[in-house]
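Notes for the structure review
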Amino acid sequence: MRDKVLLFINGDAPKSLPNPENYGLIACTDGAFHYLKRMSFPLDKLDFISGDFDSHSGSDEDMYEEKFILTLDQDKTDFHKALEIIQEKGFSEIDVFGGSGGEQDHFLGNLTVAYTFKEHMDLKFYDEYSVYYFIPKSFKVEGVKNKMISLYPFPSAENITTKGLNWPLENGSLSITSRIGTRNFAVEDEISIEYESGDVLFFAGIKEIEYPAIY
């Protein structure tokens, strides 16, 4: 895992922090720096802190100033600019914490940024509820039995076939304007998803559910 990147961005702070020893590069945006400091994350492990530093308050933060990378382009989000830096450093597999919560336009913006980079980077978001990421057109995942599974079209996906879900699809279609595939759950330890065109944002719940959640 040492070729993976751990990136913190400025959504809701994670409830628990991953082990930094599992990553080859660790970074955060300037807004995320504040919650990492509150959570006693080992800040010396950070390889860089990027952003426009509009929330920089000085004081003890100044001791990490050599890690600052100033990114002033207001046409891109801090998340987008952090990914550009990571890409320049030669990394392509990134675990992202702090991508959801907070202001929901930020969350939607983060998904759009991830979509922009999906052909060049393997981005996975983690929050207290789920792990979510864009999946290729032929996809399998293990260890998900009894966990909530959602397939969200971005904005549409055609000829989808799934195996291992309680409500399977057989050459089905999903679209944000008609039918979405949220709140399903896995009945097998391994599930597979195949689709022909479009894009799918995959969500897997962190916890197992005791009963089917029907909405």
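Residues numbered from 1 in each chain as written. Predicted model: local features only at pLDDT ≥ 70, side-chain atom pairs only at ≥ 80, totals over all residues. Heavy atoms only, no water.

1. A look at the nonpolar core
The test is simple: The term nonpolar core refers to a set of buried residues drawn from Ala, Val, Leu, Ile, Met, Phe, Trp, Tyr and Cys, joined through side-chain atoms within 4.5 Å. Note on classification: 1.4 Å probe, protein chains only; a residue is buried when its accessible area is under 20% of the maximum for its type, exposed when over 50%, partly exposed between these limits. Helical segments are the DSSP runs of H or I of at least four residues, strand segments are the runs of E of at least two, and each set is numbered from the N terminus. Only heavy atoms enter the contact rule, under which two residues are in contact if any of them lie within 4.5 Å.
Grouped together as the largest cluster of nonpolar side chains are 27 residues, with contacts concentrated most on Leu-7, Phe-79, Leu-83, Ile-86, Ile-94 and Leu-123. Taken together, the elements giving at least two residues each to this core come down to β1 (5-8), β2 (25-29), α2 (78-88), β5 (93-97), α3 (104-117), β6 (122-126), β7 (130-135) and β13 (197-208). Leave out the neighbours within four places in its chain, and Leu-83 touches Leu-7, Val-113, Phe-117, Met-121 and Leu-123. Among the nonpolar cores identified, the runner-up in size contains 20 residues, and Val-131, Ile-149, Ala-157 and Phe-202 belong to it.

2. Things to note about the pairing of strand β3 (residues 48-51)
For the record, the criterion: Whether two strands pair comes down to DSSP finding at least two bridges between them. When the strands point away from the viewer and the connection leading from the first strand across the helix to the second strand turns clockwise, the crossover is called right-handed.
Across the two faces of β3 the burial is the same, with Phe-48 and Ser-50 and Ile-49 and Gly-51 all buried. Pairing of β2 with β3 involves three bridges; the strand directions are parallel. Considered in β3, the bridge of Ala-27 is made with Phe-48. The parallel pair β2 and β3 is bridged by helix α1 (residues 30-38), and the resulting crossover is right-handed. Pairing of β3 with strand β4 (residues 68-70), which is carried by three bridges, proceeds in the parallel orientation. Counted as the bridge partner of Ser-50 is Ile-69 from β4.

3. Some words on the packing of aromatic side chains
Our working definition: Between the rings of Phe, Tyr and Trp (Trp by its six-membered ring), a pair exists once the centres lie within 6.5 Å; its type follows the angle of the planes, with under 30 degrees stacked, over 60 edge-to-face, and the other angles tilted. Placement of a positive charge over a ring is assigned whenever Lys NZ or Arg CZ falls within 6 Å of the ring centre and within 35 degrees of the normal to the ring plane.
Taken as a whole, this structure holds 15 aromatic pairs when the rule is applied. On the numbers, 6.1 Å between centres and 75 degrees between planes, the contact of Phe-107 with Tyr-132 is edge-to-face. Of the two residues, Phe-107 is situated in helix α3 and Tyr-132 in strand β7; the sequence distance between them amounts to 25 residues. The exposure class assigned to Phe-107 is buried, which follows from its relative accessible area of 16%. Of the aromatic side chains, those joined through ring pairs into one cluster are Phe-8, Tyr-35, Phe-41, Phe-97 and Tyr-126. Sitting above the plane of the Tyr-133 ring, Lys-124 keeps its charged end 4.8 Å from the centroid.

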